[in-house]
Amino acid sequence: MDLSVETIVLLAAAGFLAGALNAAAGGGSLISFPALIAVGYPPLTANVTNNIAVAPGYVTGATGYRRELRGQGHRILPLTVASAIGSLVGVGLILISSQSAFESIVPFLVLAACVLLAFQPAITRRLEEHSGDRDRPGSGVLAGQALAAVYGGYFSAALGVVVLAVLGLAFDDTLQRLNALKALLQLIIGAVSAVGFALVTPVAWTAVAVVAPASVVGGEVGARLARRVSDRALRVGIVTYGVACAVWLFVR
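Residues numbered from 1 in each chain as written. Predicted model: local features only at pLDDT ≥ 70, side-chain atom pairs only at ≥ 80, totals over all residues. Heavy atoms only, no water.

Quick notes on the packing of aromatic side chains
Point 1. All told, the structure shown has four aromatic pairs when counted by the stated rule.
Point 2. Ring centres of Phe 108 and Phe 250 lie 5.1 Å apart, and the angle between their planes is 85°; this geometry places the pair in the edge-to-face category. Of this pair, Phe 108 sits in helix H5 (residues 99-118) while Phe 250 sits in helix H11 (residues 231-251), and the two are 142 residues apart along the sequence.
Point 3. With a centroid separation of 6.5 Å and 80° between ring planes, the pair formed by Tyr 151 and Phe 155 is classed as edge-to-face.
Point 4. By relative accessible area, Tyr 151 is classed as buried at 17%.
Point 5. Here the aromatic residues Phe 33, Tyr 151 and Phe 155 are joined through ring pairs into a cluster of three or more.
Point 6. Above the ring of Phe 171, the side-chain terminus of Arg 75 is found at 4.1 Å from the ring centroid. (Phe/Tyr/Trp six-rings, centres within 6.5 Å; stacked < 30°, edge-to-face > 60°. Helix = DSSP H or I, 4+ residues; strand = E, 2+ residues; numbered from the N terminus. Buried < 20%, exposed > 50% of the residue type's maximum accessible area, 1.4 Å probe, protein only. Lys NZ or Arg CZ within 6 Å of the ring centre and 35° of its normal.)

Written as structure tokens, this is what we have:
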């Protein structure tokens, strides 16, 4: 698909906003994914392309939390394995999904991401009540993380909220340390799914070349924006936009 100048500008703007919102509040895929559909990509192609395009943004989040990851080695390895396996299952589900089946489910996935994002403050408040113990992940935790990774491999919007919820239910620890672990696992899920999609599915690489760098730049701006703009205002705006996109996907 050849991109017009107007399409390139729209995708670059969507990528920039997605990166900024991911850094500031999360949910950036609720901007970039509908934008890819709006310019003419089928939902399944748009989803695969979006997953690959937003993956570079996870690197910054993970490297920024290096200090908080110290002392969590006993968690990282088993949770990384669970995340990689779950992400591959998510990619596999994409491979066996027909275009029509994905189109029918995607509005519900967008709505689910909106709900997760809307309740993120409540999840965060709950996690802030935890402190102290550093438990090792048991089979239930690994299964929960694998399921979160399946979701991330299949549809990445609000992935961070899902992973953080699993970790918060599993471990008694500070929010910063849980956020660090979440950022690393999100990177693993994003990287595995991006490589899987690149190898075995059709990807709109021209769109990736526009959205990915724009999202990285947006991430840098978003980190500063988060200090100046109300988190609540950002969240309400993203959720409202996401719900509107879900309605549009239902009726298109």
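Still more to cover.
A few points about the side chain of Ser 32
Point 1. Along the chain, the position of Ser 32 falls in helix H2 (residues 29-38).
Point 2. In this structure the side chain of Ser 32 is engaged in a polar contact, spanning 2.5 Å, whose partner is the side chain of Asn 50.
Point 3. Among residues more than four places away in sequence, those in contact with Ser 32 are Ala 14, Ala 18, Asn 50 and Val 54. (Polar contact = N/O pair within 3.5 Å; in protein donor to acceptor, adjacent residues only side chain to side chain. Contact = heavy atoms within 4.5 Å.)

With respect to a nonpolar patch on the surface
Point 1. Taken together, the side chains of Leu 77, Val 81, Ile 85, Val 89, Leu 93, Leu 95, Ile 96, Val 195, Leu 199 and Val 200 make up a nonpolar region of the molecular surface, amounting to roughly 960 Å² of accessible area.
Point 2. Looking at the nonpolar patch, the elements that each hand over two or more residues are helix H4 (73-96) and helix H9 (175-200).
Point 3. Note on placement: Ile 85 falls in helix H4. (Patch = residues over 30% accessible without salt bridge, like charges linked within 9 Å, V, L, I, M, F, W, Y side chains within 5 Å. Areas by Shrake-Rupley, 256 points an atom, 1.4 Å probe, with all protein chains shown as cover. Salt bridge = Lys/Arg side-chain N within 4 Å of Asp/Glu carboxyl O.)

So, the nonpolar core
Point 1. With 70 residues, the main nonpolar core has Leu 11, Val 110 and Phe 155 as its most contacted residues.
Point 2. For this core, the element with the highest residue contribution is H9, accounting for 10 residues.
Point 3. With near-sequence residues (within four places) excluded, Phe 155 lies in contact with Phe 33, Asn 47, Phe 102, Val 106, Leu 109 and Val 110. (Core = buried A, V, L, I, M, F, W, Y, C linked by side-chain atoms within 4.5 Å.)

A closer look at helix H8 (residues 159-170)
Point 1. Look at H8: 17 Å from first C-alpha to last across 12 residues, which is about the 16 Å you get at 1.5 Å a residue.
Point 2. Most of H8 sits out of view: nine of its 12 residues are buried.
Point 3. Every buried residue belonging to H8 is among Leu 159, Gly 160, Val 161, Val 162, Val 163, Leu 164, Val 166, Leu 167 and Gly 168, and all of these are buried. (Expected span 1.5 Å × (residues − 1).)

A word on the confidence of the model for the protein
Point 1. Across the protein, the average pLDDT comes to 82, with 88% of residues at 70 or higher.
Point 2. Ranking the elements of the protein by mean pLDDT puts helix H6 (residues 120-128) last with 68 and H4 first with 93. (pLDDT = per-residue confidence, 0-100.)

Brief notes about the side chain of Arg 75
Point 1. One can find Arg 75 in helix H4.
Point 2. The buried category is assigned to Arg 75, whose relative accessible area is 0%.
Point 3. In this structure the side chain of Arg 75 is engaged in a polar contact, spanning 2.8 Å, whose partner is the side chain of Gln 72.

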